[in-house]
Every structure is written in structure tokens, then in C-alpha cells.
Amino acid sequence: MENKKSKKTLIFAILGIVAIIILILFLLKGCTKEKEYTVIFDANGGSYVGNVTVKENETVKQPLNPTREGYQFVGWYLGEELFDFDTKITKDITLKAHWEANGITLNFTTLSLKVGDTKQLEITSFPTDVKIEDFLFESSDESILTVDEKGNLKALKAGTVTVTVKSKDGKYTKTCIVTVTEEEIEVESVTISGSSSVTVGSSIKLSVTLKPENATTKKLTWKSSNPSIATVDENGNVKGLKTGKVTITVTTENGKTATKDITVKAKSTSNPKPSNSPTPTTIDPTGVTIGGLTEVYVGKSIQLWATVSPDNATNKSVTWSSNNSGIATVDENGNVTGVSAGTVTITVTTANGKTATYEVTVKDQYIVYLTQRKLAVTEGAIQYDYKVEKNGIELNDYLGFTYNNTPVSRGQGSISSTAVVNGGNTASLKLASGEVVTASVVIN
């Protein structure tokens, strides 16, 4: 009996040891973590892709191809070799995107310069079927900005130009819009000079002196302390209306001011010889009206005229003003010049304060220029190159236009002569915003 009992005890002991060993092995396996590696996707100037974590001896899934303006994606490279995505990952790796240029890219597509500044416009990439020396640089207005054969820009005066970079065969083209502004030199002080008196019904001209003399912020605002005694227009012309004293103030765009006291005197009535003639009667204006066109293009002018009633009014002089000089200005003769698109109210005022108003709409002017190609004849038909301008500046921000029932998309290259013959003098131009406007057509 004891012998059997000892055997049972030994068996249970062995089974216990085996169970402990199995438990230890299980715990050791649970504590052992599978190895993982990181695959870095370097887009090399393209759109962001991100990184991926992969378990050891597994493959990494190929991501969507990145994009890059002016380039075509070639593939993911490990070192100098195109990576095979069936390769099992056994370490951290970096895959780099390789690209091939399919168009021109520039270091600038828009640029702001001040008069006198210089800058280089560089071609940062171009297709492999052309050489760098095969590209030409052109400025749309060399009086504003010049460019040499290496892309060196020089700003000459304020304005906006388009610099075009193109291959000699015309296959590849890229543009850069350059805005040139005057160097801002603010006014430090202003003084008024001119006569200190004026007679009723007469005018004097005041002038100003700015320091420094080369200040660029030269816009002036004139004001009379009492317009019923004397008025002053935007050019510093003071007109006496009745006897008294006024203070004329001029203010620069940056807030510098100067004043001048003006005495308005009565007209001289001295006459050494007695006269039996009756004293002339003064007839004041009772009203005024405005006539002329109601629309003007940006940068263009129209003439308005004032009719003072009654016809025999003694003093028919008037002054003009605009309620928004940012949309249109008006000079002392009623010439209205468009500045930007919008509607403005023009006011005319008689010497005794009678007024009339007139609304003028300022419109953007769009022109499509069609120019016959000098050398190219395509399939026996003459072709016309086209250019679109807005207010005298080349417009690139548009989708296309329709001329003589022929739709032309931007970038199409040219338009056939069949569309030009008897095509009329207007086209429907579709802007990038989707708005459709009427453009004049000029055929060269």
C-alpha cells in the first residue's frame, strides 16, 4: 500500500512540474511582442502622404500617388532603385517620391515690387524635351517693368504687368503677375501760400508746399470754415460769396494740416463820374440741373454739364463734387473719370447754394484682341491668337469666351478665321467667378 501511495505522490509531483513549465512558457510567449517597423513616405515636394507602421516580414501597401504642380509622379524609390511593394519589411525604411517635369514652374507666380527694385524670375522646373536656353521672357509693358533674357526684373514705374515665360516653339507657357508701386514717402509738413483776400464774386488760387518735395502721399483735402462766405474746391480755388472772414484748411492724406485766413471784400463801387444809369439788379440762381452720359468705363472720362436757371441769373458759376472719389472723380469743369466699378453721386452747387445730383455708373471694360498669326497656317485655315484685357491690363483670371457662336476656352491656343469673319464686335466673356460679361472685340 505504501508503495502505491508513493507512486501516486510521484506522479502528481511530475504533473505539477509539467503544469508549471507550461504556464511559464505561456507567460513568456504572451510577453514577447512582434517586431514592427516604420515606412516613411517622403513626397519630395509633392502633396503629403504620411508614414506607415508595418509588422516584421509583412508588406507595405502602396499609397495613392502624390501630386505636384508642373510635375508627373514617376514612383517610390528606395535609394536609387524603384521600390517593389511585394518586398517584406525587415527594418525601418524611407521611400522617396521621384518626379518628372511636365510643364514650367517659376519661383514666383505673383510678385510685388517698388519702383527701383530688382528681382530675378527663375524657372525652377521644365520638361525634359526642351533646354533652359530655349525659354524667352517677355514683359507686357516695358515702361513699367523690364525683363532680360535671364529673367532679371527691374521696376520702372507704378502699374501692373504680366511677365510671360515661354519656350521658343510656344509649346510651354507660364506667367507671373507683377505689381509695381511707388515707394511711399509720407508728407512731414504742409504750408499754404497765396492772396489773403478775395472780392465777392471773384476767385483766387491757393497753392501748397509739401516737405519733403518727393513725398508720394500728395492727396489733399480742402475745407472752408464758412462756405456761405467763401467756398474752396479740391484744387484750392477760393471763391468769395459775401463779405466776411473764413479760414481755409488743407489736410494731407496722412493728417498733416495748414490753415490760411481769407477776407472776402465787397466789390468796389467807386465811380468818379456820376451816372444816371440805374443800379444793376442781381439775379440769383433759383435752381440747377445736370446733363450728360450716365455710364463711364474705369480709366475713361465723360463730360457733364450744368444748366443754371433762370437764364439771366447774374452768377452762373458752379462747383462739382463726387461722394466717392474711390469710384469716380469730377473736376471743376464737370469731367467725370472712372476709378473703380460702382455707382457714384455727382453733385453740382451754384454760388448761392442751389444743388443738383446725378448718378454715374462706372463699369469695368473688357476687350478681346484677336491677332492673325504671322507664320502659322493650320490645316489650310488662318488662325487668330487672342488676348483678353480688363481696364487696359491683361486678364488671366477667366474661363473662356464665346464669339460668333464659337466657344473658346482659355488655354485653347488660337481661334479659327471661320469664327472671326463677320463675327461682330462683341463677345460673351465668362469670368473665373462664373459671371458672364460683354467684351468688345478688336481684330488686328
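Scroll up to find the structure this text is about.
Throughout this description, residue numbers start from 1 for each chain and increase along the sequence as written. Residue-level local features of this predicted model are given only where pLDDT is at least 70; pairs of side-chain atoms are given and counted only at 80 or more, and the full residue set underlies all totals for whole chains, interfaces and linings. To get the side-chain values, take all heavy atoms of the structure and skip hydrogens and water.

Observations concerning the overall build of the chain
The helix and strand tally for the chain stands at two helices and 40 strands. By definition, residues are in contact when any of their heavy atoms lie within 4.5 Å. In the chain, the proportion of contacts linking residues at least 24 apart, taken out of those at least 6 apart, comes to 53%. For the accessible areas, the method is Shrake-Rupley and the probe is 1.4 Å, while residue cover comes only from the protein chains on display. Total accessible area on the chain is roughly 27,500 Å²; 50% of this is exposed by carbon and sulfur atoms. Only DSSP runs of H or I covering at least 4 residues are called helices, and only runs of E covering at least 2 are called strands; the numbering of each starts at the N terminus.

With respect to the pattern of salt bridges
Side chains that differ in sign of charge can pair as their charged atoms come close. Counted as salt bridges are all cases of a side-chain nitrogen of Lys or Arg within 4 Å of a carboxyl oxygen of Asp or Glu. Applying the stated criterion across every chain, the model contains five salt bridges. Across the pair Asp129 and Lys171 runs a salt bridge, and its minimum N-O distance is 3.2 Å. Taken as a pair, Asp129 in the loop between β9 (123-125) and β10 (135-139) and Lys171 in the loop between β13 (159-167) and β14 (173-181) lie far apart in primary sequence, 42 residues in all. Think of it in three bands: residues with accessible area under 20% of the maximum for their type are buried, residues over 50% are exposed, and the middle band is partly exposed, with areas taken using a 1.4 Å probe on protein chains only. The exposure class of Asp129 is partly exposed, given its relative accessible area of 47%. With relative accessibility at 54%, the residue Lys171 sits in the exposed group. With its nearest N and O atoms 3.9 Å apart, the salt bridge here joins Asp364 to Lys390. Remark: Lys390 occurs in strand β34 (residues 381-390) and Asp364 occurs in the loop between β32 (355-363) and β33 (366-378); sequence separation between them is 26 residues. Lys390 sits in the partly exposed class, given a relative accessible area of 30%.

What to know about the side chain of Ser167
As for its placement among the helices and strands, Ser167 is situated in strand β13. Residue Ser167 is classed as buried on the basis of its relative accessible area of 2%. A distance of 2.6 Å separates polar atoms of two side chains, one belonging to Ser167 and the other to Asp169. Setting aside residues no more than four positions away along its own chain, Ser167 makes contact with Asp134, Phe135 and Tyr172. For the purposes of these results, a polar contact is taken to be a pair of N or O atoms within 3.5 Å, where, inside protein, one atom must be able to donate a hydrogen and its partner to accept one; residues adjacent in sequence count only when each atom of the pair is a side-chain atom.

What to know about the nonpolar core
The biggest cluster of nonpolar side chains holds 21 residues, and the ones touching the most others in it are Leu121, Leu145, Leu153 and Val178. Counting residues per element, the ones that place at least two in this core are β7 (110-114), β10, β11 (145-147), β12 (152-155), β13 and β14. Setting aside residues no more than four positions away along its own chain, Leu145 makes contact with Leu113, Ser139, Leu153, Lys154, Ala155, Val161, Val163, Val178 and Val180. Residues grouped as a nonpolar core are buried Ala, Val, Leu, Ile, Met, Phe, Trp, Tyr and Cys residues, joined through side-chain atoms within 4.5 Å. Counting residues in hydrophobic clusters, the runner-up holds 20 residues, among them Val288, Val308, Ala313 and Ala356.

Some words on the packing of aromatic side chains
Aromatic rings from Phe, Tyr and Trp, with only the six-membered ring used for Trp, were paired whenever their centres fell within 6.5 Å, and each pair was classed as stacked if the ring planes differed by under 30 degrees, edge-to-face if by over 60, and tilted otherwise. Evaluated as defined, the whole model comprises six aromatic pairs. Ring geometry for Phe41 against Trp76: centres 5.0 Å apart, planes inclined by 75°, an arrangement best described as edge-to-face. With Phe41 in strand β1 (residues 36-42) and Trp76 in strand β3 (residues 71-78), this residue pair connects regions lying 35 residues apart in the sequence. According to the relative accessible area criterion, Phe41 is buried, its value standing at 6%. Aromatic side chains Phe83 and Phe85 sit 5.0 Å apart centroid to centroid with 85° between the ring planes, which places their arrangement in the edge-to-face category. One exposure class covers both Phe83 and Phe85, and it is buried. What links up through ring pairs into an aromatic cluster is the set Phe41, Phe73, Trp76 and Trp99. We call a charge positioned over a ring when the NZ of a Lys or the CZ of an Arg lies within 6 Å of the ring centre and within 35 degrees of the ring normal. Above the face of the Tyr369 ring, Lys387 is positioned so that its terminal group lies 5.8 Å from the ring centre. We note Arg410 situated over the ring of Tyr398; from NZ or CZ to the ring centre the distance is 5.8 Å.

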